Amino acid sequence: MDGLMPFEGETEDLPRMATTGTLYGVGMGPGDPDLLTVKARRILERAPVLVHFCKQGKRGNARGIADAILRDPSREMALAYPYTTELHPEHPDYVSALATFYDEASDKLAAHLGAGRDVAILSEGDPFFYGSFMHLWRRLKDRFPVDVVPGVTGMSGCWTRAGTPITWGDDVLTVLPATLSFDTLVERLRGTDAAVVMKLGRHLPKVRKALTEAGLLSRAVYVERGTMPGERVIPLEVKADDDAPYFSMVLVPGEGRRP
């Protein structure tokens, strides 16, 4: 068998058949390779199959984080999404294409796992937080052993780089995808103490308007590519344009109890 052996001093949490590999969901953190966990690095160095998601013709950000570690292209498998931002996530064609994509990707990984090869899926941030890994995990978790390695989330990296404590005392934090409707964003923002708005992209004008409607624009901080090269941190009020890449978010820090 050519899968991973247990690390020295460790025991595996899940029972493992001798003839199958383990599926690893590896949290890659927010962008800075120095924020990878020790366990994540060890799995990346030793797993026989390394999988990353990407847009057609490009490398995924999770794969870029691993540049300093991965030196053997023969171990790598790229999974290119059929769509990224071309269609709305609720469009029937988007839903159908993504379901087929994840079904076919699961079959490819199952072939490796069934042959005894461990498979590590590189996941931006944390694998269980808005991660594409979860769609493969759902399809494979009842058939093969799984080990999920948590990672520093993108929002944690962003509020740290912004020097902005996000919650104080009993503050309630709400995490919102910018893809929500304007009315829903306003309602959720009005009902929380602190907020993170993710997946900005072309939705930034709507988010800016919702923050204004909720009376929170003056507290909002815009973070672009947090912990990565090209990082940008500014108050949203002074951002003159509506351009926002995928790796950007808005932080609304809480103002709770401070002894």
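Here, every reference points to the structure presented above.
Given the structure is predicted, the values throughout are model-derived calculations rather than measurements.

Draft legend 1. Just unusual backbone geometry, in detail. Phi is positive for tyrosine 130, close to 55°, though the residue is something other than glycine. For tyrosine 130, the location among the structural elements is in the loop between strand 4 (119-123) and helix 4 (133-140).

Draft legend 2. Region of interest: the environment of glycine 226. If you trace the backbone, glycine 226 turns up in the loop between strand 8 (221-224) and strand 9 (232-235). By relative accessible area, glycine 226 is classed as buried at 4%. Taking C-alpha positions, glycine 226 is 7.3 Å from glycine 31, a pair spaced 195 residues apart along the chain. Not counting residues within four places of it along the chain, the set of residues in contact with glycine 226 comprises Pro30, Cys158 and Glu231.

Draft legend 3. Spatial organisation of the nonpolar core. Core analysis: the biggest nonpolar cluster contains 22 residues, and Leu189, Leu200, Val207, Leu211, Leu236 and Val250 have the highest contact counts within it. For this core, the secondary-structure elements that each account for two or more residues are helix 6 (182-190), strand 7 (194-198), helix 7 (204-213) and strand 10 (248-252). Those residues within four positions of leucine 211 in sequence are excluded, and the remaining contacts are Leu189, Leu216, Leu217, Ala220, Leu236, Val250 and Val252. Grouped together as the second largest cluster of nonpolar side chains are 21 residues, Val49, Leu113, Leu140 and Val146 included.

Draft legend 4. Representation of the pattern of salt bridges in the model. What the rule picks out here adds up to 12 salt bridges. Of the charged contacts, one joins arginine 59 and aspartate 67 as a salt bridge, the two residues approaching to 2.9 Å between their closest N and O atoms. Here aspartate 67 makes a salt bridge to arginine 63, at a shortest N to O gap of 2.9 Å. Arginine 63 sits in the buried class, given a relative accessible area of 7%. The structure contains a network of salt bridges with shared partners spanning Arg59, Arg63, Asp67 and Glu76.

Draft legend 5. View of the packing of aromatic side chains. Within this structure, the stated rule accounts for 9 aromatic pairs. Ring pairs connect the aromatic residues Phe53, Tyr81, Phe101 and Tyr102, which therefore count as one cluster. A cation over an aromatic ring shows up here: lysine 239 above the ring of tyrosine 222, its NZ or CZ 4.6 Å from the ring centre.

Draft legend 6. How the structure looks around the packing of helix 6 against helix 7. Orientation of helix 6 relative to helix 7, taken along the N-to-C sense of each, is 45°, at an axis distance of 9 Å. Compared by their axis directions, helix 6 and helix 7 come out oblique. Helix-helix and strand crossings are classified by hand; for helix 6 and helix 7 the assignment is right-handed. Between helix 6 and helix 7, the contacting residues are Phe182, Leu185, Val186, Leu189 and Arg190 on the first element and Lys206, Val207, Lys209, Ala210, Leu211 and Glu213 on the second. Looking at the contact of helix 6 with helix 7 residue by residue, the class counts come to 7 nonpolar, no polar and 4 charged.

Rules used in this analysis
- Residues numbered from 1 in each chain as written.
- Predicted model: local features only at pLDDT ≥ 70, side-chain atom pairs only at ≥ 80, totals over all residues.
- Heavy atoms only, no water.
- Helix = DSSP H or I, 4+ residues; strand = E, 2+ residues; numbered from the N terminus.
- Buried < 20%, exposed > 50% of the residue type's maximum accessible area, 1.4 Å probe, protein only.
- Contact = heavy atoms within 4.5 Å.
- Core = buried A, V, L, I, M, F, W, Y, C linked by side-chain atoms within 4.5 Å.
- Salt bridge = Lys/Arg side-chain N within 4 Å of Asp/Glu carboxyl O.
- Phe/Tyr/Trp six-rings, centres within 6.5 Å; stacked < 30°, edge-to-face > 60°.
- Lys NZ or Arg CZ within 6 Å of the ring centre and 35° of its normal.
- Axes fitted to C-alpha atoms, helices over the stretch in contact; angles between N-to-C directions.
- Parallel < 35°, antiparallel > 145°, perpendicular 65-115°, else oblique.
- Left-handed = near helix turned anticlockwise from the far one by under 90°.
- Nonpolar A, V, L, I, M, F, W, Y, C, P; charged D, E, K, R; others polar.

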